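Close look at the chain arrangement
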Amino acid sequence: MTIEFFMKQCINIAKESGKDIPVGCLIVKDEQIISSAYNKREALNAVSSHAEILALESAAKKLNNWRLDGCDLYVTLEPCPMCAWAILNSRIQNVYFGAYDTKYGSFGSVLNLLELSSFKSNIFGGIMEDECRNLILEYFKNIRK
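Points about helix H1 (residues 3–14)
- Compared with an ideal rise of 1.5 Å per residue, which puts 12 residues at 16 Å, H1 spans 16 Å between its outermost C-alpha atoms and is within 8% of the ideal.
- Inspection of H1 places Phe6, Met7, Cys10, Ile11, Ile13 and Ala14 among the buried residues, and these make up the whole buried set. The buried residues of H1 occupy one face: seen down the axis, they fall within an arc of 160 degrees.

Let's talk about the environment of Asn39
- Residue position: Asn39 is located in the loop between strand E2 (32–38) and helix H2 (41–44).
- Sequence separation of Asn39 and Arg133 is 94 residues, and the distance between their C-alpha atoms is 15 Å.
- Among all residues touching Asn39, those that are not within four sequence positions of it are Ser17, Asp20, Ile21, Val23, Ser49, His50 and Ala51.
- In terms of polar contacts, Asn39 uses its side chain to reach the backbone carbonyl oxygen of Ile21, at 3.1 Å.

Describing the pairing of E2
- Sheet analysis places strand E1 (residues 24–29) next to E2, joined by six bridges and oriented antiparallel. Bridging from a neighbouring strand, Leu26 pairs with Ser36 of E2.
- Between E1 and E2, which follow one another and run antiparallel, lie two residues, and Asp30 among them has a positive phi close to 50 degrees.

A closer look at a nonpolar patch on the surface
- A cluster of nonpolar residues, Met1, Phe5 and Ile33, forms a patch on the protein surface that exposes about 280 Å² of accessible area.
- Looking at the secondary structure, you find Phe5 in helix H1.
- Phe5 sits in the partly exposed class, given a relative accessible area of 33%.

Cut-off values and rules
- Residues numbered from 1 in each chain as written.
- Predicted model: local features only at pLDDT ≥ 70, side-chain atom pairs only at ≥ 80, totals over all residues.
- Heavy atoms only, no water.
- Helix = DSSP H or I, 4+ residues; strand = E, 2+ residues; numbered from the N terminus.
- Expected span 1.5 Å × (residues − 1).
- Buried < 20%, exposed > 50% of the residue type's maximum accessible area, 1.4 Å probe, protein only.
- Arc of directions from axis to C-beta.
- Contact = heavy atoms within 4.5 Å.
- Polar contact = N/O pair within 3.5 Å; in protein donor to acceptor, adjacent residues only side chain to side chain.
- Pairing = 2+ DSSP bridges.
- Patch = residues over 30% accessible without salt bridge, like charges linked within 9 Å, V, L, I, M, F, W, Y side chains within 5 Å.
- Areas by Shrake-Rupley, 256 points an atom, 1.4 Å probe, with all protein chains shown as cover.
- Salt bridge = Lys/Arg side-chain N within 4 Å of Asp/Glu carboxyl O.

Structural data, given as C-alpha cells:
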C-alpha cells in the first residue's frame, strides 16, 4: 500500500467529522491500519479531542503500549503543538501530513517541535495537499454562510 492510499483513507475519515473541523488521522503498523479517528471536539465537548490524540490513544490501547514504535501516522492537516508533542512522545516513526497549517502547524510551518524532542520522527508534509486543504476551506466556507 502507498502513502497516497493511506492519505485517501484519512480524507474519507475527515469527511465524517460532522460539525468539527474535518481532520482525519490513521495509525499504521506493518502496512495495517490499527486506529483511525477524526476531530471530535464539538461532539465530545473536549478540547483535546483532536483526531491525532484520539488515534494515538486508540492505537496505544490496541497495542497495549503507549510506545508506538514502528508505527506511522497519517493526518490531513499538519499537527498543532499539542498533537505534535503527543506524536513525538509516542515515538511514532513516520508522520505524513496533507495540508500545511500556517496558523498552528508544529512540524515546520509555524513551529518545529521536532527540534526540541529527543526522539526524532521522520516528517513528510504536503501529501495530497490540495485535497486536504480543500476539505478545510469548504468547511469554513459552509459555516460562514
